[in-house]
Structure formats: C-alpha cells, structure tokens
Amino acid sequence: MGSWRPKLPGFGEGSQAAEPGGGGRGPGRGFRGRGGSYHQQLPQGGRGTGYYQHGQGSMLQPRGGMMSQRWQPAGPAEGYLGQGQAYREVQPPHYYGGGRGGRGAGPSAIAPELRQAMETSHEPDNISPETGSPDLSPRASTVEVTDQLKDLSVQDESNMCQDIVQAFPVSSNAYKFPHRPGSGSIGTRCLVKANHFFAELPDKDLHQYDVSITPEVTSRIVNRSVMEELVKLHKMRKKTYKVVIKFAARADLRRLDQFLAGRQAEAPQEALQVLDIVLRELPTARYAIFGRSFFSPDLGRRRSLGEGIECWRGFYQSIRPTQMGLSLNIDMSATAFFEPLPVIDFVAQLLNTDIHSRPLSDAERVKIKKALRGVKVEVTHRGNMRRKYRIAGLTSLATRELTFPVDQGGTLKSVVQYFQETYGFAIQHTYLPCLQVGNQQHPNYLPMEVCKIVEGQRYSKRLNQGQIRALLEETCQRPHDRERDIIQMVNHNSYHEDPYAKEFGIKISERLASIEARILPAPRLKYNETGREKDCLPRVGQWNMMNKKMVNGGRVRSWICVNFARNVQESVAVGFCRELARMCQASGMDFALETVLPPIYAHPDKVERALKARFHDAMNMLGPQRRELDLLIGILPDNNGSLYGDLKRICEIDLGLVSQCCCAKQVFKMNKQILANLALKINVKVGGRNTVLADAVSRRIPLVTDRPTIIFGADVTHPHPGEDSSPSIAAVVASQDWPEVTKYAGLVSAQSHRQELIEDLYKVTHDPQKGTICGGMIRELLISFKRSTGQKPQRILFYRQFYQVLLHELDAIRKACASLEANYQPQVTFIVVQKRHHTRLFAHNHNDQNSVDRSGNILPGTVVDSKICHPTEFDFFLCSHAGIKGTSRPAHYHVLWDENNFTADALQTLTNNLCYTYARCTRSVSIVPPAYYAHLAAFRARFYMEPDSSDSGSLASGARGGGAPSNSSTSRSTRAANAGVVRPLPALKDSVKNVMFYC
C-alpha cells in the first residue's frame, strides 16, 4: 500500500497533517520507591552513626558527561522509537531539582548506558580513549544523517514513513550534552547575591551500605526508630528485628572534586547522595517533609486558609554541584495542611454553615467524603488513649440508625447504645453520619464528635480561589524580606552544630553566594511608520502605546457583542463597544466602529444557544455581501463559573470565530489602559502584529535573521492532583513570520493522563484507501511556516518546559522534517525553560536605586552564567522581567542540544529580546514567549473537552492564563466511559488555529 502525501512546493511531494490524538502512557517520574532496603553512610575510619536513606528519596541524580561541545551520534544505535525498544529518559541536572507542578521533583537514577555514553575526550589523560564516544563535529553528524536519508526517494512513496521511523536513533547511548561555549560578555556588569551557600567537603571517602530489616517494615517512622535503636545498641521494647548491613559502594569525594573542577565527565552520584542524606537527617527528624521541603508550625506563624485548611511555613533545601563547588540551595516555602480540628468543627468550616441541628444533604455528604477520605484522625473519647485511624468514607445512614452485629447469632446493637455502654459517652449529634474506618469487609464506625484530625497532614487536594489568594498573600515577600528570612533560616538550622554534618566533616557557609552578573540592554521595538513614535526603547522592562501604532494592524470589519452580565445595561454595553472600537482604530487597526448587530443580553445558562443564534443572525446579515464575521466580544459577570470556558469552546471549535472576553468590572471602569490592553489581544487574534524587534527587521539577530528560522514552544499541562480521569493536554506553537519571529500559530492535543512526552509531535497512521500517512504537530507547523513565509526553515529553535523529553522529541522533529522532503534536516537547538526552581537572585545593595526596580527586585535583563550554574554544561539564569509584587524568580535556560553553535551572548541576548515581544502587554515577560504561548494554548484546550459528571475539577500545573477565573465545579474529560482510551480533542477551525487565538 502506498503512502499519501499531497504536494507542497518546496517540501518535495508535500505533506498531510493529521488531527491531534492520544497515545500510550509514558515513563514515570523517577522517584525512588519505598521498600525495605536503605542506604547507610559511614565516615571512613570513624564511628558508625547509622545514617540511612529512607524510602521517600531525597535528590535528583546528577547527569554524567557534561564536557562535550556537541552531542553527536556515537555510532549506530540498537533501538528506535516505534520498534518496541524502551524509551530511556534524559534526567534533569541534579542541581536544578523541581520541575513543573507535580513534574519530576524526586530522585531519578541515570541508566548505566546513559552514563557510559556521556564520557568524553575531556577525561584525564590516564583514561583509555575507548571509554569515551567519538568526537564528531556537528557538520559531520549532519552528513551522516543525510547519508542515511539518501535512499529515501521522493517519488517512491511506498516506504517513506516506514523508512523514516528507522532513520534516527534515539538510544541514550548516542548523545552527549553540549559543553558551555564560554561565558557571555554583553551587558553592564554588576554583583548580585543568590540563595546558595557554599558547602565545604571533608577530605576523606564515605562508604554506602544497604540495610535490610526483618521482619519487613513498610513504615518510614518504624524504620527510623529501628535504626536509632541500633545506633544506641538497644533492643526494641515490643519486637526484635534482625538488621543486616552490607557494604554497597564507596563514595569517592575526590571524584566529586574533579567533576566540580570540570576534569571528570560523570557526576559521582553516590557521593552526592551521601552528602544530601547527611544534611537532611536532622531536619527530617524535626519537621514534616514534603518533596525537598520541610515544614513546621514552629518555623513561622500559621495562617488559616479557610474551610479547615491552614498554611505552614518551611524551607526548601537541596545540595547541588555548581561552578563554585558544592552549594546548598535554601529557600522559603509554604504549603497547606489540615488544621488539627475536631472533625465536627472541620465539617462546619468546610460547609460554612451550622450543622448542629440538622441532617446533611446528599451534596454536603459527598463534599465531606471527598475532603476527609484518607485523612488520619485520633479518637478523643478514651482519655489518654488516642488511637489513630485513617478515614475510608462516610456512612450512608445517620449515627442513630447504625447497628452492627455483636455475636455470631446476629444480635444487633446500635452505635449510640454501644458508645454509651462501653465508654459512658452519650453521642449528641446522632443525625450526622459516622466516619467509616477500616475496610469495606470489616468497617468500623466512629461518630464525628469523638474524632480529631491529627496534626501535620499536608492538604494535597485542589485549593479554591480564596485559599489560593490567602496562601499567596502569606508567601509573597519583598526581596529584602525574603533574603532576611533565608539567612535567619540558615542560622536557625545551625548547620555548624548539626551533629551529623559535623561527624561527616561537612561545613556550610552562612553567607549568600556573591555572583558577578550582567544586565543585558533592552531591545529597540519597531512600530508602524504612521505613528508619531516609530520605535521605542523600553525602560526597566516596560513601555506604553502612547503615540504608537501597531506595526501590523489587523482588520475587523464585522463583529458582534453578546452580554452575559445582568448588571451591565444595554446602553453601557453599547458605549463600551464604541470606545473599544475607537481604541482599536487609534492603535492602528482597520476596525469598524459599529457592530453588525446591536449588543444583546443573554442568560449565562443559555450560552451555546445564544452564541449560535447571534452568529447565524450576523451571518445572514453578511451573506449578501459575502463577508465573514471577524470577532465576538463577550461581556461576562465577574464571577462567571464555567461561562468563560464554554464561550471559548463554542467559538473556537464550533463557530471558527475568535473572541475577546471582558469582565463587567472592566466594562464599568473602561479606562484607556484597559482598552489599550484589550486592543493588543484583539489585534493578534485577528492576525495582526503589535510590535517586532528592530534588529529583526534590519536582519541583525545572529543565527536567526540570516537564514529562515522557525522558533517552537512546547508545553504539557496536567490535571490537578486527585483528578484521575482527565487526560493531559499538549500544545506546540511555532513562529509563522520570518525574520520577525513574532506571530505564532498553535496546535493542541489530548494525551495519556499525566504523560509528559508529547505524543503527537510526529505520528504515522494507516488509511485503507490512502495508505501510510505522515502527520503530527511539528509537521503541520512546518508546512504552515512554508505557506506563510514562502521559505523552508533552515534552523529550528525549540523551547520546552520539561527536561526528560529530549530523545523522544528531538527524534520526532527529525522524522517530521524528513517526512516532508528527503535529506531535509534543518539544524536544531533544543532549550529547556524552567521556572519552577528555588534559585533567587537579590541585589547586592538593596538601597542602591540604580540596581533595583520599583519593587526592590533586580533589574530586568539580569543574566547569570557563572558560579551557581552547571560546572560544564550550557545553561544560564535570566531575569527578563521587572518585578511587580514579591520576589522575582529568574527563568533557568538549559541547552540540551545545539547544532547551530550558539555563543552564550547570542542565545542569552536572543532569549532576553524575545521576552519583549509578548503580545498581551507592554512589558517584558519572565519566560520566552513561545514557551509562554504553548502554556496558554494547552490551558485553553482543557475547555474543549467534554463535560464530565465529576465535581473534582481540573487545573493546569501553572497559573490560569488567558481568561477570567473559573470557580466551576465541572471537570472535563476526553476519556471514553469505562475505558482508558484518550479521545482526540475536537479539531480547531482553520480560521482559528492560524492566529494567536490563545492570547
């Protein structure tokens, strides 16, 4: 059967892009599992102090092979994706732990094959050259790849896609990470401080032991108790354990020193594990642990977040190898815990109503059950005997109706009678259900009033908007205050007095690291020649639209407005539409002043019927003129529930119409700033461009404007923890204008639950009539770029917000390119963008007004590529935005693949300059726009899924973007009923996906 590929000039025979779809589940997160085997570290020649690694795991493993200038194939790989070979993950660097939301913040061991492949020619001279991989130049690699494709005939399509599947090895053995190409020099030099504290290591080896305990223990607390008793040479009071200690490995700190100095290719993970475990031993015994953070009510004031939830303060701690040596990263943390309340008080707070005189409704019972399932409680009716139980659910009957058998004859006794006779306790709230503990076969019933929630249980479910707001208010700190609290926390931890650290000879500095940084200059922005100001140089990361016109104003000749806010009168809506149209005109758009039909009020519950009816009425008006409807303006109530998502789904999926939503408070306020911001969003949604980089127009951006270049951004958003039915959503955006690289088209796809690999980047499907069809998001966006610019991309820049995906996604990029035209292999640079980390940068002098912005943060454009960065790999921290509130978090950029040979200055300047082209505001943003847009698109696509009966809801692993807040209790899912299959998202209309609809 032949393959079907319609012709496209410039791409050989052309291409066929398929609709996004689902796929299989990918690899896990890399957490070290719980079990009965532990690691114990003992100083060489010293006394045994009994340190062991408990099952939670404590650190991300460092990556080996950090010395190579370029990753290149080390020879033919044995396995390929799609041929049944296991996918081997590329692990994130140890010293940048964290990841997005619930994404891979735990330890991840590196496969031996990957470590072996990462050895390089930078090894010490006495190491045999056979241990390393051949040092191939980027050009040589390209030739090899091209040679593999020479046999693929453009005319002979029968085996095109099948051959492509075999063309590119993805074995981890084949790749090395790029070496840092020197440090940058552009910008004004300055000093900053970072929350990294230098760690001085002992000059001796440490030994690692495996510890097994018999009988097997699953409780971390019991394991710790056993080990403590072993150290004290005492027996447990109630049970005797057999403890076997077996030598496992020697942690060679000299190898760690060589790695930090750049003379050792592979990070000695055993040594890093030892040091990390030792420094976590004391806080682990003192505080509640979550991930890499420690929490306690004694580490700061607790604050109620409402509904029985409170906030605990704490600190994050991670040891990481850096250019300055080993450093301890310390940051302030906060998270939500259950308040240790009587259960009946918790329920009253949860429901926000009086429950002391009435039975519960079914909806209230469901809400309580969901909130308390899995929570540990202790009983209070037995004096000092506070036995603990874990809640499994609620009884369906009230307490006064509950009975249970007391003998084999089936004699029944009521719960009320049992508590009175056995404990002398008279149950007061007999109309409430009981808590059910134990299992379904042998349930135990506990009245709510005899139970209290055990302290120290983290609340892992979804917080509501009020709780999120309260938590952010509690944790938002100005830079000076955050720096002070970090230093106080380091002093409080007293690492110099830590008995475990002292025994191992580890010394932690009490001073923040002082680092040389540079402030990159802001780029000049180009506006339309018809405006009074034809260009602009931003000041401190911001500017405005006064006296400027959009560089390419979009056209809106036909538009309508639907008002869903009852408190917005018709006359107010008409006035708002007129002022918005005038602002769009003044900003440079070709915008009709009057709507096709007058604004109309519609009830929020009738959103679909109202939108489709108004759309068809407008199309009937425009039909004789053969015009299309360009835009819909939606006026929403301030608290609009699911209305925003429903409106976007109907417009973008059903009607093929872009829309702009406004809250009622914006309509009433209606100042020039609000109208100007709305005009910016509307312009890019209808195909315009707000501004472009002046250097792009004059072709002065290295490695971008000299040859056709496409810039991709990719992201995956996941359902909220606890939501186990919704799929993850992947989004890919790509620039469609060159050399300006400002306009981005986007595609979205549903995939397996919590799958981080983007499954639909490239795919091959089989059609009975057309044969094998190549498709996928990368392929479709490459075709779109060719249609928009008339050029084939010769370079690809790929910004991605997750580490462990390189092998799969680079392979997909290669296959997508090769499927378009034989021997078509543009040079690729793959960059990971990370925001969820704990490195913070502070001004060297907070009182120096020339080194801080108005919020007290470091100036936008501050870049750091030394001391706290990776010892040898190509990475940097960039604070590209001006702070507004709290402490700015720099973005961390890490180059995992670079065939374009970027210098540090070229990539840092490009990334910083792109942050000034974000379409939705006149400010530079904190991460590079294509990555930002991908997140917005992925978040938007969650609205496209079918409503589900579940009331648990779902959120992306990031802030809500692109719309009004939603308090909807409706979750959405594309999973088929009673099946694990992920159905594809409904297709975006062509008129929508080719513009920046997600803005």
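The rules behind these values
- Sequence order sets the numbering: in each chain, residues are counted from 1 along the sequence as written.
- Side-chain atom pairs in this predicted model are given and counted only at pLDDT of 80 or more, local residue features only at pLDDT of at least 70, and totals for whole chains, interfaces and linings cover all residues.
- The side-chain quantities take in all heavy atoms of the structure and omit both hydrogens and water.
- Here, the term nonpolar core denotes a set of buried Ala, Val, Leu, Ile, Met, Phe, Trp, Tyr and Cys residues that are joined through side-chain atoms within 4.5 Å.
- Per-residue accessibility, obtained with a 1.4 Å probe over protein chains only, is compared with the maximum for each type, and a residue is labelled buried under 20%, exposed over 50%, and partly exposed between these values.
- An automatic or database domain assignment supplies the start and end points of every domain.
- Note on definitions: a residue-residue contact is assigned when non-hydrogen atoms from the two residues lie within 4.5 Å.
- Here a strand pair is declared whenever DSSP counts at least two bridges between the two strands.
- Segments assigned H or I by DSSP are reported as helices when at least four residues long, segments assigned E as strands when at least two residues long, and all are numbered from the N terminus.
- Each axis is a line fitted through C-alpha atoms, taken for helices only over the stretch in contact, and angles between the N-to-C directions span 0 to 180 degrees.
- In this description, a disulfide is simply a cysteine sulfur pair whose atoms lie within 2.5 Å.
- Here a pair means two rings of Phe, Tyr or Trp (six-membered ring of Trp) with centres within 6.5 Å. Their orientation is stacked below 30 degrees between planes, edge-to-face above 60, and tilted elsewhere.
- A ring is scored as having a charge over it whenever the NZ atom of a lysine or the CZ atom of an arginine sits within 6 Å of its centre and within 35 degrees of its normal.
- Under this scheme an angle from 65 to 115 degrees is roughly perpendicular, one under 35 degrees roughly parallel, and one over 145 degrees roughly antiparallel; angles in between are oblique.
- Each helix crossing is assigned a hand: it is left-handed if the near helix lies turned anticlockwise from the far helix by less than a right angle, otherwise right-handed if that turn is clockwise.
- Each residue gets a pLDDT score, which is the predictor's confidence in that residue and runs from 0 to 100.
- Each salt bridge in this description consists of a side-chain nitrogen of Lys or Arg and a carboxyl oxygen of Asp or Glu lying within 4 Å of one another.

## Comments concerning the nonpolar core
Nonpolar side chains tend toward joint burial in soluble globular proteins.
Move 1: Ranked by size, the top nonpolar core spans 119 residues in total, and within it Y799, Y893, Y933 and Y998 carry the most contacts.
Move 2: Looking at which domains feed residues into this core, each of domain 3 (553-688) and domain 4 (692-834 + 890-945 + 983-998) supplies at least three.
Move 3: Apart from residues lying up to four places away in sequence, Y933 is in contact with V733, Y744, T917, Y918, A919, M996, Y998 and C999.
Move 4: With 42 residues, the next largest nonpolar core counts V347, L351, L372 and L471 among its residues.

## A word on the sheet that holds strand β35 (residues 795-800)
Move 1: Taken together, the 11 strands give an open sheet; going across it, the order is β32-β31-β30-β35-β36-β40-β39-β38-β20-β3-β37, and neighbouring strands pair in mixed fashion. The two strands at the open ends of the sheet, each matched to only one other strand, are β32 (744-751) and β37 (841-843). For this sheet the average axis-to-axis angle between neighbouring strands, irrespective of direction, equals 30°.
Move 2: Two strands pair when backbone bridges link them, and strand β3 (residues 188-194) and strand β20 (residues 513-519) are joined in this way by 7 bridges, in the antiparallel orientation. Looking across to β20, one finds that V192 is bridged to I515.

## Considering the state of the cysteines
Covalently bonding the sulfur atom of one cysteine to the sulfur atom of another cysteine gives a disulfide.
Move 1: Evaluated as defined, the whole model comprises 0 disulfides.
Move 2: Left unpaired, C561 is separated from the closest cysteine sulfur, that of C577, by 3.6 Å.
Move 3: In this structure C661 is a free cysteine whose sulfur lies 7.2 Å from that of C662, the closest cysteine sulfur available.
Move 4: Residue class for C661 comes out buried when judged on its relative accessible area of 11%.

## Focus on the packing of aromatic side chains
Move 1: On inspection of all chains with the given rule, the structure shows 23 aromatic pairs.
Move 2: A centroid spacing of 6.0 Å and a plane angle of 90° characterise the contact between Y287 and F315, whose relative ring orientation is edge-to-face. Of this pair, Y287 sits in the loop between α6 (269-286) and β7 (288-290) while F315 sits in strand β10 (residues 309-322), and the two are 28 residues apart along the sequence.
Move 3: By relative accessible area, which is 12% here, Y287 ends up buried.
Move 4: Ring centres 5.4 Å apart and planes at 80° place the aromatic pair F404 and Y418 in the edge-to-face group. Residue F404 is found in strand β14 (residues 403-405), and its partner Y418 is found in helix α9 (residues 415-423); the two are separated by 14 residues along the sequence.
Move 5: Judged by relative accessible area, F404 falls into the partly exposed class, the value being 21%.
Move 6: A cation over a ring is seen here: R458 above F290, with NZ or CZ 3.5 Å from the ring centre.

## Quick word on unusual backbone geometry
Move 1: In this chain, T214 is followed by P215 through a cis amide linkage whose omega measures 0°.
Move 2: Tracing the chain through its elements places P215 in the loop between β5 (206-214) and α4 (220-232).
Move 3: Look at the link from W738 to P739: it is a cis peptide, with omega at 15°.
Move 4: Here P739 lies in the loop between β31 (728-735) and β32.
Move 5: Located in the positive-phi region is N547, a residue other than glycine, with phi close to 65°.
Move 6: With respect to the element layout, N547 can be found in the loop between β22 (535-536) and β23 (555-556).
Move 7: Owing to a relative accessible area of 32%, N547 belongs among the partly exposed residues under this scheme.

## Considerations on the packing of helix α19 (residues 777-789) against helix α20 (residues 806-820)
Packed helix pairs are characterised by how far apart their axes lie and by the angle those axes make with each other.
Move 1: Contact pair α19 / α20: the axes reach a minimum separation of 8 Å and the direction vectors enclose 50°. Relative to α20, the element α19 is oriented oblique. Considering how the two elements wind past one another, α19 and α20 form a crossing that is right-handed. In contact with I778, R779, L782 and I783 of α19, α20 contributes I813, A816, C817, S819 and L820.

## Looking at the confidence of the model for the protein chain
Move 1: Model confidence for the protein chain is summarised by a mean pLDDT of 81, while 78% of its residues fall at 70 or above.
Move 2: With pLDDT under 50 throughout, residues 12-159 is counted as low confidence; its partners more than four residues away or in other chains account for 447 contacts.
Move 3: Counting contacts from residues 948-973, a segment whose pLDDT is below 50, to residues more than four positions away or on other chains yields 88 contacts.

## Observations regarding the sheet that holds strand β21 (residues 525-526)
Move 1: The 3 strands lie next to each other as β22-β21-β29, forming an open sheet whose pairing is antiparallel. Sheet topology places β22 and β29 (692-693) at the edges, where each strand pairs with a single neighbour.
Move 2: Here β21 runs beside β29; their pairing, made up of 2 bridges, is antiparallel. Bridging across to β29, L525 finds its partner in L693.

## Brief notes about the pattern of salt bridges
A side chain with one charge may pair with a side chain of the opposite charge, provided their charged atoms come close.
Move 1: Enumeration according to the criterion identifies 42 salt bridges in this entry.
Move 2: Taking the shortest distance from any N to any O, the salt bridge between E474 and R301 comes out at 3.1 Å. One end of the pair, E474, is in helix α10 (residues 465-475); the other, R301, is in the loop between β8 (293-295) and β9 (303-306), and 173 residues separate them in sequence.
Move 3: Look at R301 and you get exposed, because its relative accessible area is 57%.
Move 4: The partner of D737 in a salt bridge is R689, and the shortest N-O contact between them spans 2.8 Å. Here D737 is found in the loop between β31 and β32, whereas its partner R689 is found in the loop between α17 (672-685) and β29, with 48 residues between them in sequence.
Move 5: Overall, the relative accessible area of 15% leaves R689 in the buried class.
Move 6: Residues participating in the shared-partner salt-bridge network are R301, R303, R313, E473 and E474.

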